[in-house]
Amino acid sequence: MCDRILFLYMKILGIETSCDETALAIVEADGGLSHPHFKVISEAINSQTKIHEKYGGVYPMMAKREHSKNLVPLLKDLLKGFQLEKPRDLKIENEEEIKKILERETELLQQFLEVIPTIPKPDIDVIAVTVGPGLEPALWVGVNFARALGLVWDLLVLPINHMEGHILSVLLDQSQPVTFPALALLISGGHTELVLMRDWQQYEILGRTRDDAVGEAFDKVARMLELPYPGGPEISKLAEKARTSERSNHQITKLPRPMLNSPDYDFSFSGLKTAVLYRIREMSQAEKLLPFWKEELAQEFEDAVTEVLIYKTKKAIEEFNIKTLIVGGGVIANSHLRQEFQKLIKEGGETKLLTPQPSLSTDNAVMIAMAGYFKSLNDHKPVLDFRATGNLSLQQDSL
Ligand code: KG4
Ligand code: ZN
């Protein structure tokens, strides 16, 4: 017997183009706010990492061009094997309007007009698209694609905050419910934020980074160590080697733990990154010949970041009597950090920890579809003319 409450059933198409992943997903959702339950029906993702790798970072206009090229082929992939409604009149009626919506995405427009009429409308109820935060030119491609699809398929399009997606990503295949107050630590390439949630969709930002985001610091330090982009996983691998090595006395001097004792919940990682740079400059040639200096520096850097994140999170858990801790965003793919958060929760007693499955910790469209479900449960007016907003905050309604 099914013990879930089957109500507010919905199928959502999620679209994500905020950075260097072009991602689409169809997610089935039910259970409402009290028992939200999600199942991924289909997913298609194209990572541009290889393209941006040689430049050591993401170029917004290049990301935009790639999204523009990839969205229609990805949609075809996504719908393979998906039950489609019987072909109806597949002529695009609103061609002039579509041309206007996609006027800045010439390649996308051309593919759209060629391919979309050959795809019957899939059985979905709503489209959810990331409108920010992220790289604005990249976001616009997804937004305009969603608007054009919404028009052709006569579906409502919901604007989604990417960071809300990272928070809700922990709900996939989750047996533990979220109890409030909850605290979300969001750590990605563009963000480091501690967010208090007294209920679903109520976000109060307690603190954020004053300069570099955690993932950005990982990427920059990796570049200093001449490691490939994205640097987070590379630093993590080196740090793990140092941690499991037999050597007992490590050579690297301690790095600072920035803002550890500041009275607020803010962070700063730019000074830490500079400290790594100075440390490398000070090193003698003899030191640089030691095979393990990069490993030890990576470990010390990872330890410094981890200590600050854990300390401030612990302080917020205590102050706000937090019942659920959510840690989301690309950096939670880091296994040392995950372990340290698990330890913190074990010591703390009552609070439970929710983290996303590894495939959902980095950018994806499943989490955007999930956020779309929550948004559609809220009373909302249809949004007709929404825009991409690069610096969209969680405290701002996404329009
Ligand atoms: O959430 P995400 O995929 O994209 C943004 O919205 O920014 O996060 C990407 C960031 C990159 O900076 C990457 O280096 C970092 O997550 N990252 C990691 C690890 N895997 C990805 N950082 C540390 N350790 C990892 N294992
Ligand atoms: Zn992200």
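Scroll up a little and you will see the structure.
Along each chain, residues carry numbers from 1 onward, in the same order as the chain's sequence is written. The lettering of chains begins at A and the numbering of ligands begins at 1, in the order of writing. Two thresholds apply to this predicted model, a pLDDT of at least 70 for residue-level local features and 80 or more for giving and counting side-chain atom pairs, whereas whole-chain, interface and lining totals are computed over all residues. With hydrogens and water stripped out, all remaining heavy atoms of the structure feed into the side-chain values.

Caption draft 1: Broad picture of the overall build of the protein. Each helix corresponds to a stretch of at least 4 residues labelled H or I by DSSP, and each strand to a stretch of at least 2 residues labelled E; elements are numbered beginning at the N terminus. Within the protein one finds 14 helices and ten strands. Computed over C-alpha atoms, the radius of gyration of the protein comes to 22 Å, within 12% of the 21 Å expected from 2.2 N^0.38 for 399 residues, which places it in the range of a compact globule. Structurally, the protein occupies a C-alpha span of about 75 × 45 × 35 Å along its principal axes. Note on exposure labels: buried denotes an accessible area under 20% of the residue type's maximum, exposed denotes more than 50%, and partly exposed covers the range between, all computed with a 1.4 Å probe on protein chains only. Here the protein holds 399 residues, and 56% of them are scored as buried. If you take every contact in the protein between residues at least 6 apart in sequence, the share linking residues at least 24 apart comes to 75%. Values of accessible area rely on a 1.4 Å probe in the Shrake-Rupley scheme; residue burial ignores everything except the protein chains shown. Carbon and sulfur atoms make up 50% of the accessible area of the protein, which amounts to about 18300 Å² in all. With 45 positive and 56 negative side-chain charges, the protein shows a spacing of 2 Å between the two charge centroids. For the radius of gyration, the atoms used are the C-alpha atoms, and the globule rule reads 2.2 Å times the number of residues raised to 0.38. Note on contacts: a residue pair qualifies if any of its non-hydrogen atoms lie within 4.5 Å across the two residues. Charge counting treats Lys and Arg as positive and Asp and Glu as negative, with His and both chain ends excluded. Positions of charges follow a simple convention, taking NZ of Lys, CZ of Arg, CG of Asp or CD of Glu.

Caption draft 2: Seen up close, the packing of helix H2 (residues 60-79) against helix H4 (residues 106-115). To get an axis, a line is fitted to the C-alpha atoms, and for a helix only the part in contact is used. The angle between two axes follows their N-to-C directions and goes from 0 to 180 degrees. With their axes 7 Å apart at the nearest point, H2 and H4 run at an angle of 25° to one another. Of the possible angle classes, the one that applies to H2 and H4 is roughly parallel. Of the two possible hands of crossing, H2 and H4 adopt the one that is right-handed. Within the contact between the two elements, H2 uses Ser68, Lys69, Leu71, Val72, Pro73 and Lys76 and H4 uses Glu107, Leu108, Gln111, Phe112 and Val115. For the contact of H2 with H4, the residue count by class is six nonpolar, two polar and three charged. The cut-offs work like this: below 35 degrees is roughly parallel, past 145 is roughly antiparallel, 65 to 115 is roughly perpendicular, and the gaps in between are oblique. Here a crossing is taken to be left-handed if its near helix is turned anticlockwise relative to the far helix by less than a right angle, and right-handed if that turn runs clockwise. Under the scheme applied here, ten amino acids are nonpolar (Ala, Val, Leu, Ile, Met, Phe, Trp, Tyr, Cys and Pro), four are charged (Asp, Glu, Lys and Arg), and all others, including Gly, are polar.

Caption draft 3: Structural view of the coordination of the zinc ion (ligand 2). Counted as donors are the N, O and S atoms within 2.8 Å of the metal, or 3.2 Å for Na, K and Ca, while water is not among the atoms, so some sites may look incomplete. All of the protein donors around the zinc ion (ligand 2) are His162 (NE2), His166 (NE2) and Asp363 (OD); their distances to the metal are 2.0 to 2.2 Å. Any site counts as irregular unless it has four donors with all angles between 85 and 135 degrees, making it tetrahedral, or four or six donors with opposite ones more than 155 degrees apart and the rest between 65 and 115, making it square planar or octahedral. Classification of the site at the zinc ion (ligand 2) as irregular follows from its four donor atoms and the range of 91 to 150° in their angles at the metal. Of note, the zinc ion (ligand 2) draws all its donor residues from one chain, in the sequence arrangement H-x3-H-x196-D. Residue histidine 162 and its partner histidine 166 are located together in helix H6 (residues 162-168), separated by four residues, close to a single helical turn. Histidine 166 carries the same exposure label as histidine 162, and that label is buried.

Caption draft 4: Structural context of the sheet that holds strand S10 (residues 352-354). We treat two strands as partners when DSSP finds at least two bridges between them. The strand order S8-S7-S6-S9-S10 describes an open sheet built from five strands, whose pairing is mixed. Since the sheet does not close on itself, it has two edges, and those belong to strand S8 (204-208) and S10, each with one partner. In this sheet, adjacent strand axes meet at a mean angle of 20° when their direction is disregarded. Direction of pairing for strand S7 (residues 192-197) relative to S8: antiparallel, over a ladder of four bridges. Directly across from valine 195, in S8, lies its bridge partner isoleucine 205. Contacts between helix H11 (residues 293-320) and the sheet are confined to strand S6 (182-187), S7, S8 and strand S9 (324-328), with S6 contributing the most and set at about 160° to the helix.

Caption draft 5: Representation of the environment of histidine 166 within the structure. On the basis of relative accessibility, which here comes to 1%, the residue histidine 166 falls in the buried class. With 204 residues separating them in the primary sequence, histidine 166 and methionine 370 have C-alpha atoms 9.9 Å apart. In this structure, histidine 166 is in contact with Leu186, Gly328, Gly329, Gly330, Ser361, Thr362, Asp363 and Met367, ignoring residues within four places of it in sequence.

Caption draft 6: Region of interest: the environment of threonine 17. With respect to the helices and strands, threonine 17 occurs in the loop between strand S1 (10-16) and strand S2 (21-30). Each C-alpha atom of the pair threonine 17 and glycine 142 lies 5.5 Å from the other, and the pair is 125 residues apart in sequence. Apart from the residues within four sequence positions on either side, threonine 17 is in contact with Thr22, His67, Leu71, Ala138, Leu139, Val141 and Gly142. For the purposes of these results, a polar contact is taken to be a pair of N or O atoms within 3.5 Å, where, inside protein, one atom must be able to donate a hydrogen and its partner to accept one; residues adjacent in sequence count only when each atom of the pair is a side-chain atom. There is a polar contact of 3.3 Å between the side chain of threonine 17 and the backbone nitrogen of glycine 142.

Caption draft 7: Summary view of the packing of aromatic side chains. Centres within 6.5 Å are what make two rings of Phe, Tyr or Trp a pair, Trp counting through its six-membered ring; a difference in plane orientation under 30 degrees is then read as stacked, over 60 as edge-to-face, and the rest as tilted. If you walk through the whole model with that rule in mind, you get nine aromatic pairs. Pairing phenylalanine 38 with phenylalanine 374 gives two aromatic rings, centres 6.2 Å apart and planes at 25°, and the pair type is stacked. Taken together, the positions of phenylalanine 38 in strand S3 (residues 37-47) and phenylalanine 374 in helix H14 (residues 366-377) put the pair 336 residues apart, joining distant regions of the chain. Here phenylalanine 38 and phenylalanine 374 have matching classes, each one buried. A connected cluster of aromatic rings, assembled from ring pairs, spans Phe38, Phe180, Trp200, Tyr373 and Phe374.

Caption draft 8: Looking closely at the layout of surface pockets. What the largest pocket holds in volume is close to 1200 Å³. For cavity detection a 1 Å grid was placed over the protein atoms alone, and a set of points counts as a cavity when a 1.4 Å probe fits there but cannot get out; an open set counts as a pocket when protein lies on both sides within 12 Å along at least five of seven lines, with lining residues being those that have an atom within 4 Å of a point. Together, 47 residues line the largest pocket, and Cys19, Ser188, Gly189, Gly190 and Asp219 are the ones closest to its centre. Contributing elements (two or more residues each) for the lining of the largest pocket: H6, S7, helix H7 (214-224) and helix H8 (231-243). Examining the composition of the lining of the largest pocket, we find that six residues originate from one element, H7, more than from any other. Residues of the lining of the largest pocket, tallied by class, amount to 13 nonpolar, 23 polar and eleven charged. Grid points are joined across faces, edges and corners, and a volume is the space filled by probe spheres set on the points.

Caption draft 9: Up close: the pattern of salt bridges. The working definition used for a salt bridge is a side-chain nitrogen of Lys or Arg within 4 Å of a carboxyl oxygen of Asp or Glu. Considering all chains together, one arrives at 24 salt bridges under this definition. With its nearest N and O atoms 3.0 Å apart, the salt bridge here joins arginine 210 to aspartate 266. You can see arginine 210 sitting in the loop between S8 and H7 and its partner aspartate 266 sitting in the loop between H8 and helix H9 (270-282), a full 56 residues away along the chain. Here arginine 210 falls in the exposed class, since its relative accessible area comes to 52%.

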